[in-house]
Amino acid sequence: MTSGKSVTRSAPSSVQATTVASSLLTVQTPGRGFTDLTSEAVKFINEVQARDGALTLFIRHTSASLTIQENADPSVLVDLTTSLSRLAPENGGWTHDTEGPDDMPAHIKTMLTGASLQVPILNGKLALGTWQAIYLIEHRKRPHRREVVLQFIGSNH
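Conventions we followed
Residues numbered from 1 in each chain as written. Predicted model: local features only at pLDDT ≥ 70, side-chain atom pairs only at ≥ 80, totals over all residues. Heavy atoms only, no water. Pairing = 2+ DSSP bridges. Helix = DSSP H or I, 4+ residues; strand = E, 2+ residues; numbered from the N terminus. Contact = heavy atoms within 4.5 Å. Axes fitted to C-alpha atoms, helices over the stretch in contact; angles between N-to-C directions. Expected span 1.5 Å × (residues − 1). Buried < 20%, exposed > 50% of the residue type's maximum accessible area, 1.4 Å probe, protein only. Arc of directions from axis to C-beta. Salt bridge = Lys/Arg side-chain N within 4 Å of Asp/Glu carboxyl O.

1. As for the pairing of strand E8 (residues 145-156)
Bridge analysis of strand E1 (residues 19-28) against E8 gives ten bridges, and the strand direction is antiparallel. Bridge assignment links Gln 28 to a residue of E8, and that residue is Arg 145. In terms of strand pairing, strand E3 (residues 50-59) meets E8 through nine bridges, oriented antiparallel. In the strand pairing of E8, Leu 57 is matched with Leu 150.

Next up, the structure:
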């Protein structure tokens, strides 16, 4: 059991959601790996003059995904790519292989990492931690054109 002395919480704040703003972000990936979308999310939040609310990101694909991960040390992304490849290897004996040996592993990796994210917006800023960034993860070997829906719900300036 945790004592109340080791946990603190700020006072709750409340806003009336008056704005729903959406945009479609198209990303050309270079092939397998991570593409940082944080600056695009910041641009969108600034364009819609978001103040407080939530930004939802949703990828419209089943062989690429979204995640929030460390942005300081690039070796983290290398190790994550290696880990995902170990969890869903191309030579796994998959029955779904019509689109190539990297397709079924890509679907598994998407299932493990996720198709959507939600990030709080506080005082007009993404409430990410110091070392966090928003990434699109391309699970296929070849470059692909990916679509990510950005949607802000909340109050604006």
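The discussion continues.
2. A look at the sheet that holds E3
Spatially, the five strands line up as an open sheet ordered E1-E8-E3-E5-E6, and their pairing is antiparallel. Each edge of the sheet is formed by a strand with only one pairing partner; in this case those strands are E1 and strand E6 (125-126). For strand E5 (residues 116-122) and E6, the ladder comprises two bridges, and the chain directions are antiparallel. In the strand pairing of E6, Ile 121 is matched with Leu 126. Of the strands in this sheet, E1, E3, E5, E6 and E8 touch helix H1 (residues 38-47), which is tilted by about 40° from E8.

3. Considerations on helix H2 (residues 74-87)
Between the first and last C-alpha of H2 there are 20 Å, a value that for 14 residues agrees with the 20 Å anticipated at 1.5 Å per step. Every buried residue of H2 is accounted for by Val 76, Leu 77 and Leu 84. All buried residues of H2 lie within an arc of 95° about the axis, which places them on one face of the element. Pointing more than 90 degrees away from the buried face of H2 are the exposed residues Pro 74, Val 78 and Arg 86. Turning to H2, the residues buried within the fold contact strand E2 (33-36), strand E4 (64-70), helix H3 (103-113) and strand E7 (132-138).

4. Digging into the pattern of salt bridges
In the structure shown here, the tally under the stated rule is ten salt bridges. Residue Asp 52 is joined to Arg 51 by a salt bridge in which the shortest nitrogen-to-oxygen separation is 3.3 Å. Taking relative accessible area as the criterion, Asp 52 reaches 15% and is therefore assigned buried. In this structure, Arg 140 and Asp 102 form a salt bridge, with 3.0 Å as the shortest nitrogen-oxygen distance. Of this pair, Arg 140 sits in the loop between E7 and E8 while Asp 102 sits in the loop between H2 and H3, placing them 38 residues apart in sequence. Assessed through its relative accessible area of 7%, Asp 102 is described here as buried. Within this structure, Glu 99, Asp 102, Asp 103 and Arg 140 form a network of salt bridges that share partners.

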